[in-house]
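Listed below are the residues making up each chain.
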Amino acid sequence: MPGWHTGLVIADRIVCVDCGGWCHRITHWPEDDPPVPGDTVAYRCSDCSDRWDLVLDAEDFDD
Ligand SMILES: [Zn+2]
């Protein structure tokens, strides 16, 4: 099972598709319970308050 320290990169923020502002990650995991493929990462735009949910897939866990 790939884990937290195998090259997984989850951005702390992404660019909002709607307004071009920053969407900050609002989903966090404890160190002893890292995300796995299929988990959802949520972002909230600080400008337009849109929420974006991204689903992690296996490619996100490649080294
Ligand atoms: Zn926005």
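Everything that follows concerns the structure shown earlier in this document.
In short, a report on the structure. (Residues numbered from 1 in each chain as written. Predicted model: local features only at pLDDT ≥ 70, side-chain atom pairs only at ≥ 80, totals over all residues.)

**Remarks on unusual backbone geometry**
- The backbone phi angle of Ser-49 is positive, close to 65 degrees, even though this residue is not glycine.
- For Ser-49, a count of 11 C-beta atoms within 10 Å gives the class exposed. (Buried ≥ 20, exposed ≤ 12 C-beta atoms within 10 Å, placed from the backbone.)

**A short note on the pairing of strand β3 (residues 40-45)**
- Pairing of strand β2 (residues 22-25) with β3 involves three bridges; the strand directions are antiparallel. Residue pairing across strands places Arg-25 opposite Tyr-43, the latter belonging to β3.
- Where β3 lies against strand β4 (residues 51-55), five bridges are found, and the strand directions are antiparallel. By the bridge assignment, Thr-40 is partnered in β4 with Val-55.
- Connecting the antiparallel pair β3 and β4 is a turn made up of five residues, with Ser-49 showing a positive phi of about 65 degrees. (Pairing = 2+ DSSP bridges. Helix = DSSP H or I, 4+ residues; strand = E, 2+ residues; numbered from the N terminus.)

**Concerning the environment of Ala-42**
- Turning to its location among the elements, Ala-42 is positioned in strand β3.
- Judged by the 14 C-beta atoms lying within 10 Å of it, Ala-42 falls in the partly exposed class.
- Aside from chain neighbours lying at most four places away, what touches Ala-42 is Ile-26, Thr-27, Arg-51 and Asp-53. (Contact = placed C-beta atoms within 7 Å.)

**A closer look at the pairing of β2**
- In terms of strand pairing, strand β1 (residues 13-15) meets β2 through three bridges, oriented antiparallel. Each bridged residue has a counterpart across the sheet, and for Arg-13 the counterpart in β2 is His-24.
- Hairpin connection between β1 and β2: a loop of six residues separates the two successive antiparallel strands, and Gly-20 in this loop has a positive phi of roughly 80 degrees.

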